[in-house]
Amino acid sequence: MSHPIAEVPTGSVSRFSQRLLPLLYQHRLMSTSQLHYLLTPHTKRPEYLLRQLRHLRTMGLVESVDRRASRLGRCELLWHVTAAGCEVVEAGNVVTTRSYRMSARAASSQLQEHTLAVVDTGITFTKWAERLGDECGSLDWEPELAHRVREGDNRMGDDAFLVPDAVLRYTHTTQEGRRQMLTFFLEIDRSTMQVARLGQKLSTYARYATYTPLPGRRRQARGSVREAWRDRYPVFPRLLIVLSGAGPAALARRTTDLRALAAVDPRLSQGGLLRAGVTTAELLQEKGPFAPVVTPLLGPPELTNVLLTPFPEA
């Protein structure tokens, strides 16, 4: 089943490429196999996809690099949009314009595996949406959206901003037929980051839940100031941390350490709007996001389906 993908209106490329380019633009770097699943899942081999990609490369709209650590035992190509390709996508105005530009140098760097893992997590949600009759398409997650968490300068990457690995939107239909429109902050941890650093980011999420801009920056119609997240989300997104990159015992210890950090962080332990849990990429893939696969950061450590629990009114 093909997933709905917005099209870029341009006569310079094929209709298939009009679907492909926004996908690469939004997700920054993707493997041939990831593109194959999202664009041509009905074909056994990606020959047509590769022909289109090579044609776009000839036109200077996309470029490819080799994957540094291919799991296939052979060279695997990774694809990204060039500066010219970005201009084509942005002219179509079908995806959010981003200032970030993927370069050949960045595409060949150690960031490869993390970027691909974010895409893999999004694909897991799309697979389960298809299986469950839910809605989550290939453009329903956006990587690295900046959220201001304090006043100050606007340099990306400083502590004035929270930058989730991705923001994912998913519409789930319960067994009772009730539709839930869910938004997730995704953090993808491949066991390459110190747990303490991830704990600091958890605190930043809690700070974002209560961050209120100074008077004059944002106001409601009545003139009162409200939390910044309310301008972007109907309710505060749920935070899902997805672990991989180590064996089950190591990931279990990592989960325990994250829970310990959350328990002593007053921003988190005092409760509030932040609902957060930890799972593994393997559990997410095998059982789906709405099975009991999540360990809450706070409270009892047993696996739950906490992501389905009704969210308190904000």
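You'll find the structure just up there.
Everything numeric here is computed off the predicted structure, so don't read it as measured data. (Residues numbered from 1 in each chain as written. Predicted model: local features only at pLDDT ≥ 70, side-chain atom pairs only at ≥ 80, totals over all residues. Heavy atoms only, no water.)

A.B. asks: Describe in detail the nonpolar core, supporting the description with residues and values.
C.D. replies: Ranked by internal contacts, the top residues of the largest apolar core, which has 47 residues, are L21, L24, L35 and F125. Once residues lying within four places of it in the same chain are set aside, the contact partners of L35 are L23, L24, M30, T40, L49, L53 and W79. If you look at the next biggest cluster of nonpolar residues, it comprises 28 residues, including L198, A206, V278 and L297. (Core = buried A, V, L, I, M, F, W, Y, C linked by side-chain atoms within 4.5 Å. Buried < 20%, exposed > 50% of the residue type's maximum accessible area, 1.4 Å probe, protein only. Contact = heavy atoms within 4.5 Å.)

A.B. asks: Tell me about unusual backbone geometry, and please be specific about residues and values.
C.D. replies: You will see that N93, though not glycine, has its phi angle at about 55 degrees, which is positive. Within the element layout of this structure, N93 appears in the loop between α4 (83-92) and α5 (104-107). For S191, which is not a glycine, the phi torsion comes out positive at approximately 65 degrees. (Helix = DSSP H or I, 4+ residues; strand = E, 2+ residues; numbered from the N terminus.)

A.B. asks: Run through the sheet that holds strand β3 (residues 77-81), naming residues and quoting values.
C.D. replies: Spatially, β1-β3-β2 is the arrangement adopted by the 3 strands of the open sheet, whose pairing is antiparallel. Strands at the two margins of the open sheet, each flanked by one partner only, are β1 (30-31) and β2 (62-66). In this structure, β1 lies alongside β3, joined through 2 bridges in antiparallel fashion. Bridging across to β3, S31 finds its partner in L78. The sheet strands contacting helix α1 (residues 15-27) are β1, β2 and β3, and the helix crosses β3 at an angle near 95 degrees. Sheet contacts for helix α3 (residues 47-58): β2 and β3; angle to β2, the most-contacted strand, approximately 110 degrees. (Pairing = 2+ DSSP bridges. Axes fitted to C-alpha atoms, helices over the stretch in contact; angles between N-to-C directions.)

A.B. asks: Outline the sheet that holds strand β8 (residues 179-189), listing residues and values.
C.D. replies: One open sheet holds the 6 strands; their spatial order is β4-β7-β8-β9-β10-β11, and the pairing between them is mixed. Every interior strand has two partners, whereas the edge strands, β4 (141-143) and β11 (295-296), have only one. Across 6 bridges, β8 lies against strand β9 (residues 238-243) in parallel orientation. Considered in β9, the bridge of I188 is made with V242. Relative to the sheet, helix α7 (residues 195-210) contacts β8 and β9, its axis offset from that of β8 by approximately 145 degrees. Sitting on the sheet, helix α8 (residues 248-264) is in contact with β8, β9, β10 (276-280) and β11, with an inclination near 145 degrees to β9.

A.B. asks: Account for the packing of α7 against α8, with residues named and values stated.
C.D. replies: Between two packed helices, the angle of one axis relative to the other and the distance separating the axes together describe the packing. Two numbers describe how α7 lies on α8: the axes approach to 10 Å, and their chain directions differ by 45 degrees. Classed by the angle they form, the pair α7 and α8 counts as oblique. Judged by the sense of rotation from one axis to the other, the crossing of α7 with α8 is right-handed. Between α7 and α8, the residues in contact are V195, A196, L198, G199 and L202 and R254, D257, L258 and L261, respectively. Considering only residue class, the contact of α7 with α8 consists of 6 nonpolar, 1 polar and 2 charged. (Parallel < 35°, antiparallel > 145°, perpendicular 65-115°, else oblique. Left-handed = near helix turned anticlockwise from the far one by under 90°. Nonpolar A, V, L, I, M, F, W, Y, C, P; charged D, E, K, R; others polar.)

A.B. asks: Run through the pairing of β10, naming residues and quoting values.
C.D. replies: In terms of residue burial, β10 counts as a mostly covered element, since 5 of its 5 residues are buried. Of the two faces of β10, the one carrying A276, V278 and T280 and the one carrying G277 and T279 are both buried. Pairing geometry for β9 and β10, over 5 bridges, is parallel. Each residue of the ladder has a partner; that of L240, found in β10, is G277.

A.B. asks: With reference to specific residues and values, describe the pattern of salt bridges.
C.D. replies: Going through the model one piece at a time under the given rule, you end up with 11 salt bridges. Among the salt bridges present, the one from R67 reaches E76, with a minimum N-O distance of 2.9 Å. One exposure class covers both R67 and E76, and it is buried. The salt bridge partner of E187 is K201, with a shortest N-O separation of 2.9 Å. (Salt bridge = Lys/Arg side-chain N within 4 Å of Asp/Glu carboxyl O.)

A.B. asks: Got a sec to walk through the packing of α1 against α3? Specific residues and values, please.
C.D. replies: Contact pair α1 / α3: the axes reach a minimum separation of 11 Å and the direction vectors enclose 75 degrees. In terms of axis orientation, α1 runs roughly perpendicular to α3. Contact with α1, carried on its side by F16, S17, L20, L21 and L24, involves Y48, L49, Q52, L53 and L56 of α3 and no other residues of that element. Looking at the contact of α1 with α3, its residues break down into 8 nonpolar, 2 polar and no charged.

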